[in-house]
Amino acid sequence: MQFDPRHELLLSRVLASLRPVLIAFLVMHGAALSQGAETPISFCNVLFVGNLCAALVVLIWFKPAPIWSDLKRLPRRVRWGLVLDGGLAALNSALIYTGLEYTSSTNAILLGRLAPVLYALSGAIVFGRLIAKREWLGFSFIIAGILMVALVGANWMVNKGDALILLSTVVFAASANLGKAVLDQDVSLRALVFVRNASSSVIFFFIANIVFGPHHFADAFAGQLWIVMAIYALLIIVISQFLWFDASSKLDSISVGRWSTPAPAIGVLAAALLNRQWPASNQVVGLLVIMVGVVITAFAKTKPTKLKEEREQMAELAASGADAISPVT
């Protein structure tokens, strides 16, 4: 059955927007979920175990042999590109999870709407695509709404948590462009999602051990954490990533940016219902301004794009990005 890539993209972003809400919920209510027992649910444990569970879900579902076969036939520079993508994914998650310690999940959702805008703009710059006037207008409204959320609620100063969330959107844009480029190297979705999550989990594990010490993940292998994270990984990470990469491989960067932006309304509602984080006045106004931008960009006339040319340029981008870290052969 063939699905409309625009609908796939929208669903993937809705699932992704639920991620900070569910993480905040699990961390806040971990003790209650474990019936009063000590709980190992922390931001770092969720990041490490969540991504590792996602990799294991893909490995179990598709079997190791086909994934290994997919990876073996790839050039070395493309395999390094997959690992680099995993490193960017780990950095993106780390910035979001650390930011959630200092800001609300509602703020994280709204500020995260900058990510698809940056992806659309950076894709247009890299591939020389013209952006229509209404698209510029729509993106301007989205950025204005984001600034309203970040500045008005904090006395015109961006706090630490919001700054980390905003930085994560830059990392997301870089990772999304690289992921799209890697897919255009004839990398299978199962191999991409497996390596992305496995490498991001391992990279974060070693970095956290260096920064926080070897006992930082002492409770990471508690059974209750793995049960919760296996469900979370399947729904929020694996399905979301499969939908995202499948859709983004079929759409140009502007369409991706356009169809990614409506998700915050769902995320804000989920944050209110799950975490009792009812949006403040500046968040409501910011959301309304963002949604105005979404509507404007949704109905803007997209200038024609030669998708074949964009894919060829994506392939060159993947090769150059991988060569930067690939050993000399």
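Residues numbered from 1 in each chain as written. Predicted model: local features only at pLDDT ≥ 70, side-chain atom pairs only at ≥ 80, totals over all residues. Heavy atoms only, no water.

Enquirer: Lay out the pattern of salt bridges with the relevant residues and their values.
Expert: Pairs may arise between side chains of opposite charge once their charged atoms sit close together. The final tally for this structure, using the stated rule, is four salt bridges. Between Arg6 and Asp4 there is a salt bridge; the shortest N-O distance is 2.8 Å. Judged by its relative accessible area of 37%, Arg6 falls in the partly exposed class. Residue Arg196 pairs with Asp85 through a salt bridge whose shortest N-O separation is 2.8 Å. Of this pair, Arg196 sits in helix H10 (residues 189-212) while Asp85 sits in helix H5 (residues 76-99), and the two are 111 residues apart along the sequence. For the pair Arg196 and Asp85, one class covers both residues: buried. (Salt bridge = Lys/Arg side-chain N within 4 Å of Asp/Glu carboxyl O. Buried < 20%, exposed > 50% of the residue type's maximum accessible area, 1.4 Å probe, protein only. Helix = DSSP H or I, 4+ residues; strand = E, 2+ residues; numbered from the N terminus.)

Enquirer: Can you lay out the packing of aromatic side chains for me, pointing to particular residues and giving the numbers?
Expert: What the rule picks out here adds up to five aromatic pairs. Arranged with centres 5.5 Å apart and planes meeting at 55 degrees, the rings of Phe172 and Trp244 form a pair that is tilted. Taken together, the positions of Phe172 in helix H9 (residues 160-183) and Trp244 in helix H11 (residues 223-248) put the pair 72 residues apart, joining distant regions of the chain. Relative accessible area serves as the criterion here: at 5%, Trp244 is assigned to the buried category. Three or more aromatic residues joined by ring pairs form one cluster here, namely Phe48, Phe205 and Phe206. (Phe/Tyr/Trp six-rings, centres within 6.5 Å; stacked < 30°, edge-to-face > 60°.)

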